[in-house]
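Overview (structure and organization)
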Amino acid sequence: MNGARYARPVASLAAGLLFGFGLALSGMTRPLKVLGFLDVTGRWDPSLVFVLGGAVAVATLGFRAVLRRHAPLFAGSFELPKNRAIDAPLLGGALLFGIGWGIAGYCPGPALAQLAAPNAETLYFLPAMIAGWGLYRITAGARRRPREAGTAR
Amino acid sequence: MDTFTPWSALAGGVLIGASAALLLWTTGRIAGISGIARGLLSDGAAGFAWRALFLVGLIAGAWFYYALAGSASHAAVVPRARPDFPPLLLIVAGLAVGYGTALGRGCTSGHGVCGLARLSPRSLAATLTFVGAGIGATWVVRHLFAVQG
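How each quantity is defined
- Residues numbered from 1 in each chain as written.
- Chains lettered and ligands numbered in written order.
- Predicted model: local features only at pLDDT ≥ 70, side-chain atom pairs only at ≥ 80, totals over all residues.
- Helix = DSSP H or I, 4+ residues; strand = E, 2+ residues; numbered from the N terminus.
- Buried ≥ 20, exposed ≤ 12 C-beta atoms within 10 Å, placed from the backbone.
- Contact = placed C-beta atoms within 7 Å.
- Core = buried A, V, L, I, M, F, W, Y, C linked by C-beta atoms within 7 Å.
- Domains from an automatic or database assignment.
- Nonpolar A, V, L, I, M, F, W, Y, C, P; charged D, E, K, R; others polar.

**Quick notes on the overall build of chain A**
Tallying secondary structure elements over chain A gives seven helices and zero strands in all. Going through the 153 residues of chain A one by one, you find that 55% of them count as buried. Considering only intrachain contacts with a sequence separation of at least 6, the fraction spanning at least 24 residues in chain A is 54%.

**A look at the nonpolar core**
Residues Ala59 and Phe125 of chain A together with Ala20 and Ala21 of chain B are the most contacted members of the largest nonpolar core, which totals 93 residues. At 12 residues, helix α1 (residues 6-27) of chain B tops the list of elements feeding residues into this core. Taken domain by domain, this core gets at least three of its residues from each of domain 1 (1-78) and domain 2 (84-153) of chain A. When near neighbours in sequence (up to four residues on either side) are disregarded, alanine 21 of chain B contacts Val58, Ala59, Gly62, Phe63 and Val66 of chain A.

**Here's the deal with the interface of chain B and chain A**
Contacts between the two partners involve 106 residues from chain B and, on the opposite side, 107 residues from chain A. Secondary-structure elements contributing two or more residues to the side of chain B that touches chain A are α1, α2 (33-42), α3 (48-73), α4 (87-103), α5 (108-117) and α6 (121-144) of chain B. A per-element tally of the side of chain B that touches chain A places α1 of chain B first, with 21 residues. Here the residues of the side of chain B that touches chain A are counted per class, giving 65 nonpolar, 33 polar and eight charged.

**A few points about the domain arrangement of chain A**
Residue and element names in this part refer to chain A. By domain assignment, chain A separates into domain 1 (1-78) and domain 2 (84-153). Domain 1 puts 10 residues into the contact, and the matching count from domain 2 is seven residues. Contributing elements (two or more residues each) for the side of domain 1 that touches domain 2: α1 (4-26) and α2 (31-38). A per-element tally of the side of domain 1 that touches domain 2 places α2 first, with five residues. Along the lines of polarity and charge, the residues of the side of domain 1 that touches domain 2 split into eight nonpolar, two polar and no charged.

**A few points about the environment of glycine 110 of chain B**
All names here are of chain B. Examined against the element boundaries, glycine 110 turns out to sit in helix α5. Overall, glycine 110 belongs to the buried group, with 28 C-beta atoms counted inside 10 Å. With 80 residues separating them in the primary sequence, glycine 110 and isoleucine 30 have C-alpha atoms 6.9 Å apart.

This is the structure in structure tokens:
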């Protein structure tokens, strides 16, 4: 499909716009909002339950409908993660990620969305996060398969 | 300012879920931000355009919200830097988020939203782990060391 060459990036841009607008509307781009949710022994703010609940509900229904198709609209096949193992890298990585998330209140989406309205924190967190990705690539990544299956996450 | 906001939270969540469904429907890809962004660093030319445009959209989408909400309410909706939050903690946290999401193959969006939507036990395990770790880390920072800001 020739039109797919252009349709795919345009669809991706549209999905990104929805995602970023949703993130900011939900409050997740404000670290204090996120920490208000994680701070269960303080003045707990359960708002993020509604963010995750709304997102998972819509995505579950949407995915079910979409995955009935043989292929996506503008690509040859669905690229879904194939790894099903609950192993040490998964849990160790999630643990480390959670610690960083709980310290500062940023996960990767909101950290990148900071570029929409940069402030002093952007200067520290965002380069450090990208350095963390790079650090993984030159350490653990080098010992693994050169191209992992299902990297898109 | 940071009180319970169920309606905006739910509406924002719905948009995030719709975005994930749209991306899978059109491109066949999972809307995991850390995976999409990391792919820019490692994928070379293949997949560069869709990844870059998704992230450009993400930033522009947040910008649109700030522009709309700011002019509608005259209130400061743009996230502000915490004046008393130590930069060193931001750097340590950033490194942990980067390395952790690379090692664990996903973040809040990939495991938390898309993984749970696919009913993946692997993503459920990751999500429970990072939410638990987040609660623990927040407690340590806020209540043990009394860092607020």
